[in-house]
Amino acid sequence: MEATASAPARWSLVTAVAPIAWGTTYFVTRRYLPADHPLYGAVFRALPAGIVLLALSGRRPHGSLWWKALVLGTLNMGAFFALVYLAAQLLPTSIASTVMATAPVVMMLLAWPLLAERPQVLPAVGAAIGIAGVSVMLLTNATGIDPLGVLASVAAMTMSSIGYILTKKWCPHVDVLALTSWQLIAGGAVLVPVAVAVEGAPPALDGGAVLGFAYISGVATAVAFTAWFTGLRHLSAGTVGLIGLLNPVTGVLLGTLVAGDTLTARQGAGLMLVFLGIVLGQPGVTRAVRARRARRKAVLSGGRTARPPLSGRRTRRPRRPTAR
């Protein structure tokens, strides 16, 4: 019983690797990567990671997995990377992260018709609290909001949410390492001709940019997406989406630890709300609440005294025999 109960918690920890790694991408992108090449930025992020994972898995797609990998790679990797890269260059990190924080709600709504995962009360409440926490934490005095950046961030969030749900629906038994590699290669390959046509020659990279892309491709892509799709294999889409709220939390903490930003009381309150929302969405909490309700119901039903059934006619007591 204890092993069964601890399994979801273990998969939640594995899944958390992804948003924590993704939370560092905005900082690395704005600090080290070229600002005017979002398409090449997505290519440099996806293709190396996909090739490494393909070499590790040693498996190629077959049958319908070819076109599924192409569709999923475009939604989850190719278009998503380009849009996130563009949003990171056009928006303050606070706005981009807040828009992406709405992903748990979108994933819950999509999982209902596509995966038959009916939204649960506690995860839904957790999503609302988590989004409120991100808003409290980040939406302070953001200035310079570019409508194109907002559109890019919303499109990235929507496309990736659809892609994650379809990945869970289409490939429930495919090796996670191989599945991740196929999507990364497909997404990067789709973007290559677009990058050449729109941005021309690849940008020249200095030492900082090379190290930045190495980190984003290796850690924030190869490792992170493998952990994310592993979580989708073992947890509900709503639970995985809520764990994704660790993305903006990581961004705030990284700014405090690395960039020297001050963690305000408002940001601290927002962090607490986000953590509360994530906890409410965990399967163990839902099971604990249900078990408590069941015990309470059993206690209440056991304390009631049994009453004889009512009937329309009144029963008569038998007469005692009299001595003669």
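Residues numbered from 1 in each chain as written. Predicted model: local features only at pLDDT ≥ 70, side-chain atom pairs only at ≥ 80, totals over all residues. Heavy atoms only, no water.

Novice: Honestly, unusual backbone geometry in this entry has me stumped. Any pointers?
Specialist: Across the chain, the bulk of peptide bonds are trans and the bulk of non-glycine residues have phi less than zero. Phi at alanine 116 takes a positive value of approximately 60 degrees, unusual for a residue other than glycine. Structurally, the position occupied by alanine 116 is in the loop between helix H6 (103–115) and helix H7 (121–138). Under the relative-accessibility criterion, alanine 116 is labelled exposed at 66%. (Helix = DSSP H or I, 4+ residues; strand = E, 2+ residues; numbered from the N terminus. Buried < 20%, exposed > 50% of the residue type's maximum accessible area, 1.4 Å probe, protein only.)

Novice: When you look at the nonpolar core in this model, what are you seeing that I'm missing?
Specialist: Core analysis: the largest hydrophobic core is formed by 61 residues, its most contacted members being Phe80, Phe81, Met137, Tyr164, Phe225, Trp228 and Phe229. The element contributing the most residues to this core is helix H4 (residues 65–90), with eight residues. Among all residues touching phenylalanine 81, those that are not within four sequence positions of it are Ala42, Arg45, Ala46, Asn76, Leu184, Thr221 and Phe225. Leu65, Ala69, Leu166 and Val174 belong to the second largest nonpolar core, which has 10 residues in total. (Core = buried A, V, L, I, M, F, W, Y, C linked by side-chain atoms within 4.5 Å. Contact = heavy atoms within 4.5 Å.)

Novice: Explain helix H12 (residues 246–257) to me, please; I cannot follow it from the model alone.
Specialist: For H12, spanning 12 residues, the distance from its first C-alpha to its last is 16 Å, which sits close to the expected 16 Å at 1.5 Å a residue. The set of residues buried in H12 consists of Leu246, Asn247, Pro248, Val249, Thr250, Val252, Leu254 and Gly255. (Expected span 1.5 Å × (residues − 1).)

Novice: Just to check I follow, could you spell out the packing of helix H9 (residues 176–199) against helix H10 (residues 207–234) for this structure?
Specialist: When two helices pack together, their arrangement is captured by the angle between the axes and the distance separating the axes. Taken N-terminus to C-terminus, the directions of H9 and H10 make an angle of 125 degrees; their axes are 9 Å apart at the nearest point. Classified by the angle their axes make, H9 and H10 are oblique. Crossing of H9 against H10: the hand is right-handed. Here Val176, Leu177, Leu179, Thr180, Gln183 and Leu184 of H9 lie close against H10, whose contacting residues are Thr221, Phe225, Thr226, Phe229, Thr230 and Arg233. Classifying every residue of the contact of H9 with H10 gives six nonpolar, five polar and one charged. (Axes fitted to C-alpha atoms, helices over the stretch in contact; angles between N-to-C directions. Parallel < 35°, antiparallel > 145°, perpendicular 65-115°, else oblique. Left-handed = near helix turned anticlockwise from the far one by under 90°. Nonpolar A, V, L, I, M, F, W, Y, C, P; charged D, E, K, R; others polar.)

Novice: In this structure, what is going on with H6? I would like to understand it.
Specialist: Residues three or four positions apart in an α-helix share a direction because the helix packs 3.6 residues into each turn. All buried positions along H6 are accounted for by Ala103, Pro104, Met107, Met108 and Ala111. End-on, the buried residues of H6 take up no more than an arc of 135 degrees, which puts them together on one face. Away from the buried face of H6 by more than 90 degrees, exposed residues Leu109 and Pro113 are located. Taken from the residues just after H6, alanine 116 is the one with a positive phi, measuring 60 degrees. (Arc of directions from axis to C-beta.)

Novice: Even after reading the chapter, I still don't get a positive patch on the surface, so can you show me in this structure?
Specialist: A cluster of basic residues, Arg290, Arg292, Arg293, Arg295 and Arg296, forms a positive patch at the surface. Along the polypeptide, arginine 296 turns up in helix H14 (residues 283–303). (Patch = residues over 30% accessible without salt bridge, like charges linked within 9 Å, V, L, I, M, F, W, Y side chains within 5 Å. Areas by Shrake-Rupley, 256 points an atom, 1.4 Å probe, with all protein chains shown as cover. Salt bridge = Lys/Arg side-chain N within 4 Å of Asp/Glu carboxyl O. Lys, Arg positive; Asp, Glu negative; His and termini not counted. Charge placed at Lys NZ, Arg CZ, Asp CG, Glu CD.)

Novice: Would you mind going over the packing of H6 against H7 with me for this structure?
Specialist: Two numbers describe how H6 lies on H7: the axes approach to 9 Å, and their chain directions differ by 155 degrees. Taken together, the axes of H6 and H7 lie roughly antiparallel to each other. Every pair of crossing elements has a handedness; the one defined by H6 and H7 is left-handed. Contacts between H6 and H7 pair Pro104, Val105 and Met108 from the former with Pro123, Ala124, Ala127 and Ile131 from the latter. Looking at the contact of H6 with H7 residue by residue, the class counts come to seven nonpolar, no polar and no charged.

Novice: Hey, could you run me through the packing of aromatic side chains in this one?
Specialist: The geometry of an aromatic ring pair is captured by the separation of the ring centres together with the interplanar angle, meaning the angle of the planes. On inspection of all chains with the given rule, the structure shows 10 aromatic pairs. When the centroid spacing of 5.0 Å and the interplanar angle of 55 degrees are considered together, the rings of tryptophan 22 and phenylalanine 225 count as tilted. Separated by 203 residues along the polypeptide, tryptophan 22 in helix H1 (residues 2–22) and phenylalanine 225 in helix H10 bring together distant segments of the chain. Centre to centre, the rings of phenylalanine 81 and phenylalanine 225 are 5.7 Å apart; their planes meet at 65 degrees, and the pair counts as edge-to-face. Of the two residues, phenylalanine 81 is situated in helix H4 and phenylalanine 225 in helix H10; the sequence distance between them amounts to 144 residues. Note on accessibility: phenylalanine 81 and phenylalanine 225 belong to one class, buried. Among the aromatic residues, those joined into a ring-pair cluster are Trp22, Phe80, Phe81, Tyr164, Phe225, Trp228 and Phe229. (Phe/Tyr/Trp six-rings, centres within 6.5 Å; stacked < 30°, edge-to-face > 60°.)

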